[in-house]
Amino acid sequence: QVQLVESGGGLVQPGGSLRLSCAASGSIFSSYAMGWFRQVPGKQRELVAGISRSGVITNYADSVKGRFTISRDNAKNTLYLQMNSLKPEDTAVYYCNAARSITLFPRGLSASWGQGTQVTVSS
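Notes on the structure follow. Residue numbers restart at each chain and count upward from 1, following the sequence in its written direction. With pLDDT at 70 or above as the cut-off, local features in this predicted model cover only qualifying residues; side-chain atom pairs require 80 or more to be listed or tallied, and sums for whole chains, interfaces and linings still use all residues. Side-chain figures throughout are based on the complete set of non-hydrogen atoms in the structure, without hydrogens or water.

### Some words on the pattern of salt bridges
Step number 1: We define a salt bridge as a side-chain nitrogen of Lys or Arg found within 4 Å of a carboxyl oxygen belonging to Asp or Glu. Under the criterion given, the structure shown has three salt bridges.
Step number 2: The partner of Arg-67 in a salt bridge is Asp-90, with the nearest N and O atoms 2.7 Å apart. Of this pair, Arg-67 sits in the loop between strand E6 (58-60) and strand E7 (68-73) while Asp-90 sits in the loop between strand E8 (78-83) and strand E9 (92-99), and the two are 23 residues apart along the sequence.
Step number 3: A single network of salt bridges, built from pairs that share partners, joins Arg-38, Glu-46, Arg-67 and Asp-90. Here a strand is any run of E in DSSP of at least two residues, a helix any run of H or I of at least four, and the numbering for each starts at the N terminus.

This is the structure:
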């Protein structure tokens, strides 16, 4: 039922930063745990980070731990991913999605996949 639109991607140099946003509509945002995913052509989509409904609990893929920060603003119905110290291997299309609980990630998703936002890290 929830609809999601990703934005904020772009081209950055290695070591640079980007902040992705995911705008939610069509349902009560605070009722959903949220997650960021990424996909490279020819590879399976992977969960990058998840955040609980309240924002108290977060988890991260080992590959981004310490560099990425997931957060949410329930008053604005928006999910964020702050990406620092970007590496070329972070290049991917980034998507957000929702689940009733953070424990359901990476499966049990509540929204269809949107268009995502392209992140390219290159010199």
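### So, the pairing of E9
Step number 1: Burial analysis of E9 places eight of its eight residues in the buried class, the great majority of the element.
Step number 2: Sheet analysis places strand E4 (residues 33-39) next to E9, joined by seven bridges and oriented antiparallel. In the strand pairing of E9, Trp-36 is matched with Cys-96.
Step number 3: Pairing between strands requires that DSSP locate at least two bridges from one strand to the other. In the sheet, E9 pairs with strand E10 (residues 117-121) via three bridges, with the strands oriented antiparallel. Across the sheet, residue Ala-92 finds its bridge partner in E10, namely Val-119. Per-residue accessibility, obtained with a 1.4 Å probe over protein chains only, is compared with the maximum for each type, and a residue is labelled buried under 20%, exposed over 50%, and partly exposed between these values.

### Remarks on the packing of aromatic side chains
Step number 1: Classification of ring pairs uses Phe, Tyr and Trp, with its six-membered ring standing for Trp, and accepts pairs whose centres are within 6.5 Å; under 30 degrees between planes counts as stacked, over 60 as edge-to-face, and the remaining range as tilted. What the rule picks out here adds up to three aromatic pairs.
Step number 2: Here the aromatic rings of Phe-37 and Trp-113 are separated by 5.1 Å at their centres, their planes lie at 80 degrees, and the arrangement is edge-to-face. With Phe-37 in strand E4 and Trp-113 in the loop between E9 and E10, the pair connects residues that are 76 residues apart, well separated along the chain.
Step number 3: Here Phe-37 falls in the buried class, since its relative accessible area comes to 2%.
Step number 4: Seen from their ring centres, Tyr-95 and Trp-113 are 5.8 Å apart, and the 75 degrees between their planes marks the pair as edge-to-face. Taken together, the residues Tyr-95 in strand E9 and Trp-113 in the loop between E9 and E10 connect sequence positions 18 residues apart.
Step number 5: Residue classification places Trp-113 among the partly exposed residues on the basis of a relative accessible area of 32%.
Step number 6: Through a chain of ring-to-ring contacts, the aromatic side chains of Phe-37, Tyr-95, Phe-105 and Trp-113 assemble into a single cluster.
Step number 7: Lysine and arginine charges are scored as sitting over a ring when NZ or CZ, respectively, is within 6 Å of the ring centre and within 35 degrees of the ring normal. One residue, Arg-45, lies across the ring of Tyr-95, its end atom 4.6 Å from the ring centre.
Step number 8: Note that Arg-45 overlies the ring of Trp-113, its terminal NZ or CZ placed 3.8 Å from the centroid.

### Notes on the pairing of strand E1 (residues 3-7)
Step number 1: The side-chain alternation of E1 yields one buried face, formed by Leu-4 and Glu-6, and one unburied face, formed by Gln-3, Val-5 and Ser-7.
Step number 2: The pairing of E1 with strand E3 (residues 18-25) spans five bridges and is antiparallel. Following the sheet pairing, Gln-3 is matched in E3 by Ser-25.

### Details of the nonpolar core
Step number 1: Residues enter a nonpolar core if they are buried and are Ala, Val, Leu, Ile, Met, Phe, Trp, Tyr or Cys, with the set joined through side-chain atoms within 4.5 Å. In terms of nonpolar packing, the biggest core is built from 30 residues, with Met-34, Trp-36, Leu-79, Leu-81, Met-83 and Tyr-94 touching the most fellow members.
Step number 2: At the level of secondary structure, the elements contributing two or more residues to this core comprise E3, E4, strand E5 (46-51), E7, E8, E9 and E10.
Step number 3: Grouped together as the second largest cluster of nonpolar side chains are five residues, Ala-33, Phe-37, Ala-99 and Ile-102 included.

### Re the side chain of Ser-52
Step number 1: Here Ser-52 shows up in the loop between E5 and E6.
Step number 2: Of the residues examined, Ser-52 reaches a relative accessible area of 8% and is grouped as buried.
Step number 3: Polar contact is the term for a pair of N or O atoms within 3.5 Å; when the atoms are in protein, one must be able to donate a hydrogen and the other to accept it, and sequence-neighboring residues count only if both atoms are side-chain atoms. A distance of 3.3 Å separates a polar atom in the side chain of Ser-52 from the backbone nitrogen of Val-56.
Step number 4: Any two residues whose heavy atoms approach within 4.5 Å are treated as being in contact. In contact with Ser-52, not counting residues within four places along its chain, are Ala-33, Ile-57, Arg-72 and Ile-102.

The values are spatial; any link to function lies outside them.
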